[in-house]
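What follows is each chain in one-letter form.
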Amino acid sequence: MKLLVHSLTFPPDNISTGKLVSELANGISNHGYEVTVLASTPQYNPDKTAEKEQPLEYFSKNIFKSKYKNITVFHIESNVRSYTKAKRAMQWLSYHSSSIKFLFKRRKSFDKILIFSYPPTMNLVVIFCSLILKKKVIYSLWELYPEVALNLGELTRGLVSKPFKILDNYALKRSSVVVNSNELKNYLVNNRKVKSSIDVIYHFSPENNEQLEIDSIDGLNKTIVYAGNFGKPQGLDSLIETFEKSNDGTWKLELIGNGALYEEIKLMESDCVNIYPYLTKNELNKKLQDTQIMVVSLSNKLTMEGFPGKTFDYLSRGKYILSYSNPNSALANFINGHKLGINISPGDDSSLKKFMVDIHPGEVVDTSKRAIKISSSLFSREEAVSKYLELVN
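In this report, we go over the structure that sits alongside the text. The residue count restarts for each chain, going from 1 along the sequence in the order it is written. The predicted nature of this model means local features are confined to residues of pLDDT at least 70 and side-chain atom pairs, given and counted, to a pLDDT of 80 or more, with totals for whole chains, interfaces and linings taken over all residues. By convention in this description, side-chain values take in all heavy atoms of the structure and omit both hydrogens and water.

1. Digging into helix H6 (residues 161-173)
For step 1, the next point in the chain: For H6, with 13 residues, the first-to-last C-alpha span of 18 Å sits near the 18 Å given by 1.5 Å per residue.
For step 2, the next point in the chain: Two residues qualify as a contact provided that any one of their heavy atoms is within 4.5 Å of a heavy atom in the partner residue. Where helices and strands are cited, they refer to DSSP runs of H or I of at least four residues and of E of at least two residues respectively, numbered from the N terminus. In this fold, the buried residues of H6 make contact with helix H4 (123-132), strand E7 (136-141), helix H5 (147-151), strand E8 (176-179) and helix H7 (182-190). Multiplying 1.5 Å by the helix residue count minus one yields the expected span of that helix.

Here it is in structure tokens:
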């Protein structure tokens, strides 16, 4: 059976979402499926070293070709990601236009297609493949739009949001849907009234990360680290403000990454808050080697609309998770339900202050053991691949 995997990001673009897709594609390929990938050229974290190991060769106009393990990857030529909303939207539409042309020309080369949802306009490709190409589509929905944009105040209800939601519901209707939390599934069923098949497949860490050395812990490391995107959905400004109010001067907060709000967040740096740009894998591993507590931050305005994939990276490292999110969020339910750390509501400095006083090395050790165990069993790449294989069959 021939499967085409379609995603915006894929190696050699050095970004976690692309790496996640690559592990799923490779896992499916290892089970005997002929897998081909259609993605963009690197636009988030171009990595010269990665591009040397996986060189892109000219294939045709605006199309490049590379080899990832035993998988052929076609890359649509794309500009480096823009953080301007209008330009970003145009990048998405240009990408979809090129991908639809490519898919139509090569429609006989694949039987089924697995599509990953970012950007949100990927629903256009879902509809094209199911309605025009008559292909079975598995649609993996990682973030829910327009709900994310509406709740963050980036979009007003009406002219754009209403037709977009109609279009999105139609895409969901015409595909087998995968979501990354039970909360998102329940919302689609109860609020969006989606009646198509919906499977829940949580993310996993695509990296073989170094784990916290539990046996060597003899004290509490009072440095909390965030590593990820600096965007509006993360609510990092609120995190920093709440941390500053709660800190007795003995704790530090370190934020590592990049994104649309990096420059704004950088201005919030202080004696106890350090901001670092994107680090290479080796640099990040060195930075996180002795870190015990890592924070996953999500705007208080978001609940089920998205689930930060970085959570699973932290778990695979054996870290205690400080979830800074709405108490009704899928993230909070996950952390609390599996006893992987604690959830602090955004702006709740008294609860964060209490956490800083109460947390002790023994609790970190116990939580780290649970994190390592759960990331190698329930939320492993093998488990995720197995579930995707059931849908592909």
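2. Side note on the packing of helix H1 (residues 16-29) against helix H15 (residues 381-392)
For step 1, the next point in the chain: In contact at an axis separation of 9 Å, H1 and H15 are set at 65° when each is read in the N-to-C sense. The interaxial crossing formed by H1 with H15 has right-handed handedness. Together, Glu23, Leu24, Gly27 and Ile28 of H1 and Arg381, Ala384, Val385, Tyr388, Leu389 and Val392 of H15 make up the contact between the two elements. Whenever a helix is involved, its axis is fitted only over the stretch in contact; in every case the axis is a line through C-alpha atoms, and angles between N-to-C directions fall within 0 to 180 degrees. Rotating anticlockwise by less than a right angle from the far helix to the near helix defines a left-handed crossing, while the corresponding clockwise rotation defines a right-handed one.

3. With respect to the layout of surface pockets
For step 1, the next point in the chain: As a volume, the second largest pocket reaches approximately 570 Å³.
For step 2, the next point in the chain: Whether a set of points on the 1 Å grid over the protein atoms alone is a cavity depends on a 1.4 Å probe fitting there but being unable to get out, while an open set qualifies as a pocket with protein on both sides within 12 Å along at least five of seven lines; lining residues are those with an atom within 4 Å of a point. Residue lining of the second largest pocket: 22 residues in total, with Pro11, Asn14, Lys19, Ala50 and Glu53 positioned closest to the centre.
For step 3, the next point in the chain: For the lining of the second largest pocket, the elements supplying multiple residues, two or more each, are H1, helix H2 (48-53) and strand E4 (63-68).
For step 4, the next point in the chain: Split into classes, the residues belonging to the lining of the second largest pocket amount to six nonpolar, six polar and ten charged. Grid points are joined across faces, edges and corners, and a volume is the space filled by probe spheres set on the points. Just so you know the grouping, Ala, Val, Leu, Ile, Met, Phe, Trp, Tyr, Cys and Pro go in nonpolar, Asp, Glu, Lys and Arg go in charged, and all remaining residues, Gly too, go in polar.

4. Overview of the side chain of Ser325
For step 1, the next point in the chain: Structurally, the position occupied by Ser325 is in the loop between strand E14 (320-324) and helix H12 (330-337).
For step 2, the next point in the chain: For Ser325, the residues in contact, after removing those within four places along its chain, are Leu298, Leu331, Ala332, Asn343, Ile344, Ser345 and Pro346.

5. Observations concerning the sheet that holds strand E5 (residues 71-76)
For step 1, the next point in the chain: Strand pairing follows a simple DSSP-based rule, namely that at least 2 bridges must link the two strands. The sheet built from nine strands is open, its strands ordered E3-E4-E5-E2-E1-E6-E7-E8-E9 with mixed pairing. Two strands close off the open sheet at either side, each with one partner strand: strand E3 (57-60) and strand E9 (198-200). Averaged over all pairs of adjacent strands, the angle between strand axes in this sheet comes to 25°, irrespective of strand direction.
For step 2, the next point in the chain: Here strand E1 (residues 2-6) runs beside strand E6 (residues 112-116); their pairing, made up of four bridges, is parallel. When the bridges of E6 are listed, Leu4 appears paired with Ile113.
For step 3, the next point in the chain: The sheet strands contacting H7 are E7, E8 and E9, and the helix crosses E9 at an angle near 165°.

6. A word on the nonpolar core
For step 1, the next point in the chain: Working definition of a nonpolar core: buried Ala, Val, Leu, Ile, Met, Phe, Trp, Tyr and Cys residues. They are joined through side-chain atoms within 4.5 Å. Three labels apply to residues, based on accessible area from a 1.4 Å probe with only protein chains included: buried if under 20% of the type maximum, exposed if over 50%, partly exposed otherwise in between. Counting 124 residues, the largest nonpolar core has Leu103 and Leu255 as its most contacted members.
For step 2, the next point in the chain: Element by element, the count of residues in this core is highest for H15, at six residues.

7. As for a negative patch on the surface
For step 1, the next point in the chain: Patches here: salt-bridge-free residues with over 30% relative accessible area, like charges joined within 9 Å, nonpolar side chains (Val, Leu, Ile, Met, Phe, Trp, Tyr) joined within 5 Å. Computed with a 1.4 Å probe, the accessible areas rest on the Shrake-Rupley method; for each residue, only the protein chains presented here act as cover. A carboxyl oxygen of Asp or Glu within 4 Å of a side-chain nitrogen of Lys or Arg is what we treat as a salt bridge. Charged residues are defined narrowly, with Lys and Arg counted positive, Asp and Glu counted negative, and His plus the chain ends left uncounted. By convention, the charge on Lys lies at NZ, on Arg at CZ, on Asp at CG and on Glu at CD. Taken together, the side chains of Glu210, Glu213, Asp215 and Asp290 define an acidic patch exposed on the protein surface.
For step 2, the next point in the chain: Looking at the secondary structure, you find Glu210 in the loop between E9 and strand E10 (223-229).
For step 3, the next point in the chain: On the basis of relative accessible area, Glu210 is assigned to the partly exposed category, the value being 47%.

8. Details of a positive patch on the surface
For step 1, the next point in the chain: Among the surface-exposed residues, Lys134, Lys173, Arg174 and Lys195 lie close enough to one another that they form a single positively charged patch.
For step 2, the next point in the chain: By the element assignment, Arg174 lies in the loop between H6 and E8.
For step 3, the next point in the chain: For Arg174, a relative accessible area of 30% corresponds to the partly exposed category.

9. Some words on empty space enclosed by the protein
For step 1, the next point in the chain: Per the counting criterion, the structure on display carries two cavities of 30 Å³ or more.
For step 2, the next point in the chain: Approximately 60 Å³ is the volume found for the largest cavity.
For step 3, the next point in the chain: Looking at the largest cavity, the residues that line it are Ser117, Tyr118, Pro119, Pro120, Tyr139, Leu141, Glu143, Tyr145, Phe164 and Asp168.
For step 4, the next point in the chain: Where the lining of the largest cavity is concerned, the elements lending two or more residues are E7 and H6.
For step 5, the next point in the chain: By residue class, the composition of the lining of the largest cavity is seven nonpolar, one polar and two charged.
For step 6, the next point in the chain: Roughly 50 Å³ of internal volume is contained in the second largest cavity.
For step 7, the next point in the chain: In terms of lining residues, the second largest cavity is bounded by Leu20, Leu24, Ser140, Trp142, Ile201, Tyr202, His203, Phe204, Ala384 and Tyr388.
For step 8, the next point in the chain: Secondary structure elements with two or more residues in the lining of the second largest cavity: H1 and H15.

10. Points about a nonpolar patch on the surface
For step 1, the next point in the chain: Together, Met90, Leu93 and Leu124 make up an exposed nonpolar region whose accessible area comes to about 270 Å².
For step 2, the next point in the chain: In this fold, Leu124 is placed in helix H4.

11. Topic: the environment of Leu172
For step 1, the next point in the chain: With respect to the secondary-structure elements, Leu172 resides in helix H6.
For step 2, the next point in the chain: With a relative accessible area of 0%, Leu172 lands in the buried category.
For step 3, the next point in the chain: Between the C-alpha atom of Leu172 and that of Ser196, which follows or precedes it by 24 residues, the distance is 7.0 Å.
For step 4, the next point in the chain: Other than its neighbours up to four places away in sequence, Leu172 contacts Tyr139, Leu141, Val177, Leu188, Arg192, Val194 and Ser196.

12. Some points on helix H14 (residues 361-375)
For step 1, the next point in the chain: A rise of 1.5 Å per residue sets the reference length of H14, with its 15 residues, at 21 Å; its end C-alpha atoms lie 21 Å apart and thus fit the reference within 8%.
For step 2, the next point in the chain: Turning to H14, its buried residues are Val364, Val365, Thr367, Ser368, Ala371, Ile372, Ile374 and Ser375.

13. Considerations on the sheet that holds strand E15 (residues 341-344)
For step 1, the next point in the chain: Pairing is parallel across the open sheet formed by six strands, whose spatial order is E12-E11-E10-E13-E14-E15. Edge positions in the sheet fall to strand E12 (273-276) and E15, since each has one partner strand and no second. Along the sheet, successive strands turn relative to each other by an average axial angle of 25°, direction set aside.
For step 2, the next point in the chain: With four bridges connecting them, strand E11 (residues 252-258) and E12 associate as parallel partners. Note on E12: the bridge partner recorded for Leu253 is Val273.
For step 3, the next point in the chain: Contacts from helix H8 (residues 236-246) reach E10, E11, E12, strand E13 (293-297) and E14 within the one sheet, and its direction differs from that of E11 by about 170°.

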